[in-house]
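# Structure at a glance
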Amino acid sequence: MSRTPVLRAAVVGTGHRAQLFTRGLAERPGHLVAALCDPSPTRMAFHNRLLTETGAPAATTWEPDRFTDLLAEEDIDEVVVTTVDAEHDRYIVPALEAGCRVVTEKPMTVDAERCTRILDTVRETGNSLTVAFNYRFNPVHEKVRALLAEGAIGDVLSVHFEWLLDVRHGADYFRRWHREKHNSGGLMVHKSSHHFDLVNWWLADEPREAFGYGRLGFYGREAGERHGLRRDYDRAHGAEGAADDPFALDLAANDTLRALYLDAERDDGYLRDRNVFDGPITIEDDMSVLVRYARGATMTYHLTAYSPWEGYRVMFNGSAGRLELEVEESRWQPPLTRVTSAAGALHGETAAEHAGGARLTLRPLWQPPVDVQLAVAHEAHGGGDPRMLDALFGPVGPTRPADTAAATHPTATERDGALALAVGLAANRSFETGRPVPTRELLPGIR
């Protein structure tokens, strides 16, 4: 009787998001988390506890500077990259060159030079790179794609897309490393790459040009003082001014946040709970973008990072009608709520306390509107996370009929990652120049 071969995996970057992959690999037959790589021994020790809790053996631990040694000495077959965004290429490129299959968290990277390096390496090696765009696996988003693909509204001529981050979730990007654009590419790259990939996927089309305006108008010292929201502290932990600040994050009040970040400060000095109304902050919190696609459709897109409610509205205008989606992930957020997620997540892992509903409406020309039935989940990023893991690494147990679509779902390639990145980079350039920016001008190597 032959045994299923076991693929030896390395997880690089052992912060909060990496928990999904550490647990996901450990729970799936045919995969073994053999190595962890991170600057912090404390965070790697936390992930090793996750492994042993599932019954898997602890992984070896490695410093980032020895990553190429890790690949060779641990005989690694697959690598999952969940580091700071600007560090992705540092691990993707040598892993591809070593013959590994690579899965990277979104965004694929943060600038044109790094993106070109990754694309060139994929072509030169012929090896596999997948970008973990989990929103593709949300059943609601799959339904939208199916309706558009079957021609429910004819040819899509324009898209209107508004995404709102509430003051609980949106503020979190301004506490941590994401607040500096050289780390994250700004929200146009780190967050909106999700949304740009969705539209590229929904339309089965390529973005060609973007124009936009972006500003820091709510967070940061200047805006905080102008709006009367700023408290005088650098980071929340131990600060008297943070005790009753609804914009502060109490790391000590959640076991996972304390273990991953507060206890790990001695390793690398990283502060997870910075004051959102203090500097330095080099990213925008309010962004408007106009995008033109290869077949002529246009998209108007707006991202707000300081909304009272969280969710999104996306509307497609076509030659035979209109399709409208509205999702309320949280109807409102109360102040001074504790993080109750066992994984330390502020958003996405569990449903928000005040989650709302979702509505998908098809409005054909000359006919009454049709309310499309939806099965909506607010936890696990709309149900996308477990379905994405199934598609990437296979199911945990026997495949159920409902799992089939996820298991055969087309995952996002390096080309998809580059096309989503291209919109964000063009938008960022347009913020600086005040002019429309062709995407191919920034990333001519997309083929």
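Residues numbered from 1 in each chain as written. Predicted model: local features only at pLDDT ≥ 70, side-chain atom pairs only at ≥ 80, totals over all residues. Heavy atoms only, no water.

### Some remarks on the pattern of salt bridges
- Tallied over the entire structure, the rule returns 43 salt bridges.
- In this structure, the salt-bridge partner of arginine 43 is aspartate 268, at a minimum N-O distance of 2.6 Å. Of this pair, arginine 43 sits in helix 2 (residues 41-53) while aspartate 268 sits in helix 12 (residues 265-268), and the two are 225 residues apart along the sequence.
- By relative accessible area, aspartate 268 is classed as partly exposed at 32%.
- Several salt bridges converge on common partners, so that one network encompasses Arg221, Glu225, Arg230, Asp232 and Asp278. (Salt bridge = Lys/Arg side-chain N within 4 Å of Asp/Glu carboxyl O. Helix = DSSP H or I, 4+ residues; strand = E, 2+ residues; numbered from the N terminus. Buried < 20%, exposed > 50% of the residue type's maximum accessible area, 1.4 Å probe, protein only.)

### Here's the deal with the nonpolar core
- Grouped together as the largest cluster of nonpolar side chains are 90 residues, with contacts concentrated most on Val79, Trp202 and Phe316.
- Among the elements that line this core, the one with the most residues is helix 15 (residues 414-433), at 10 residues.
- Taken domain by domain, this core gets at least three of its residues from each of domain 1 (7-131) and domain 2 (135-219 + 281-441).
- Those residues in contact with tryptophan 202, other than ones at most four positions away along the chain, are His141, Val144, Arg145, Leu148, Phe161, Val314 and Phe316.
- Core analysis: the second largest hydrophobic core is formed by 21 residues, Phe21, Leu36, Val103 and Ala132 among them. (Core = buried A, V, L, I, M, F, W, Y, C linked by side-chain atoms within 4.5 Å. Domains from an automatic or database assignment. Contact = heavy atoms within 4.5 Å.)

### Regarding the sheet that holds strand 1 (residues 7-12)
- Pairing in this open sheet of 7 strands is mixed, and the strands run 3-2-1-4-5-6-15 from one edge to the other. Only two strands of the sheet have a single partner each, and these edge strands are strand 3 (60-62) and strand 15 (412-413).
- Strand direction decides the pairing type here: strand 1 and strand 4 (residues 78-81), joined by 4 bridges, are parallel. Paired with valine 11 across the bridge in strand 4 is valine 80.
- Across the sheet, helix 4 (residues 88-97) lies against strand 1, strand 2 (31-37), strand 4, strand 5 (101-105) and strand 6 (129-132), angled at about 170° from strand 5, the strand it touches most. (Pairing = 2+ DSSP bridges. Axes fitted to C-alpha atoms, helices over the stretch in contact; angles between N-to-C directions.)

### Quick look at the domain arrangement of the chain
- Domain boundaries assigned for the chain yield domain 1 (7-131), domain 2 (135-219 + 281-441) and domain 3 (221-268).
- Spacing between the C-alpha centres of domain 1 and domain 3 amounts to 29 Å.
- The interface is formed by 12 residues belonging to domain 1 together with 9 residues belonging to domain 3.
- Summed over both partners, the interface of domain 1 with domain 3 comes to about 770 Å²; 59% of that surface belongs to carbon and sulfur atoms. (Buried area = accessible area lost by both parts, 1.4 Å probe.)

### Some remarks on the confidence of the model for the chain
- A residue-level look at the chain finds 92% of positions with pLDDT of 70 or above and a mean pLDDT of 93.
- Confidence drops under pLDDT 50 across residues 400-407; counting only partners more than four residues distant or on other chains, this segment forms 10 contacts. (pLDDT = per-residue confidence, 0-100.)

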